[in-house]
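# Per-entry structural report
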Amino acid sequence: LSLLREMPSAGVQPDVISYNAAISACEKAGRCNEALSLLREMPDVGVQPDVISHNAAISACEKAGRCDEALSLLREMPDVGVQPDVISYNAAISACEKAGRCDEALSLLREMPDVG
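An account of the accompanying structure is given in this report. (Residues numbered from 1 in each chain as written. Predicted model: local features only at pLDDT ≥ 70, side-chain atom pairs only at ≥ 80, totals over all residues. Heavy atoms only, no water.)

### Concerning the packing of helix α2 (residues 16–28) against helix α4 (residues 51–63)
Put simply, α2 and α4 touch, their axes get as near as 9 Å, and they point 10° apart. It follows that α2 is roughly parallel to α4 by the angle criterion. Contacts from V16, N20, I23, S24 and E27 in α2 reach I52, S53, A56, A57, S59, A60 and K63 in α4. Class assignment of the residues belonging to the contact of α2 with α4 gives a composition of 6 nonpolar, 4 polar and 2 charged. (Axes fitted to C-alpha atoms, helices over the stretch in contact; angles between N-to-C directions. Helix = DSSP H or I, 4+ residues; strand = E, 2+ residues; numbered from the N terminus. Parallel < 35°, antiparallel > 145°, perpendicular 65-115°, else oblique. Contact = heavy atoms within 4.5 Å. Nonpolar A, V, L, I, M, F, W, Y, C, P; charged D, E, K, R; others polar.)

Structural data, given as structure tokens:
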């Protein structure tokens, strides 16, 4: 995260790839709050989150056992112009499974063919 924060002082503006790498690093490190903060920060600094940004954040929620937040992120994706993909659904399904919410996981599984 420090590299992301230091980029502007080095004359380099972080882009979607930079943010995605930072969100993914937070997800892998189990730092869900930071991953979500980065996702929310992106539009404020003029960087549009993409499907990869959202997928990494949903995965961070899944790893942290935060099923409701994972589902919320999945549901808000179309509202911000991002189409969920199979990876989005897989991460959300896994979050439901970890939370013991099998009916919701099955419901998401039935929705998946609609995303192609």
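So that's the structure; there's more coming.
### Examining the packing of helix α6 (residues 86–98) against helix α7 (residues 102–111)
With their axes 8 Å apart at the nearest point, α6 and α7 run at an angle of 165° to one another. In terms of orientation, α6 lies roughly antiparallel with respect to α7. The interaxial crossing formed by α6 with α7 has left-handed handedness. Residue-level inspection shows Y89, A92, I93 and C96 of α6 in contact with α7, the latter providing E104, A105, L108, L109 and E111. In terms of residue class, the contact of α6 with α7 is built from 7 nonpolar, no polar and 2 charged. (Left-handed = near helix turned anticlockwise from the far one by under 90°.)

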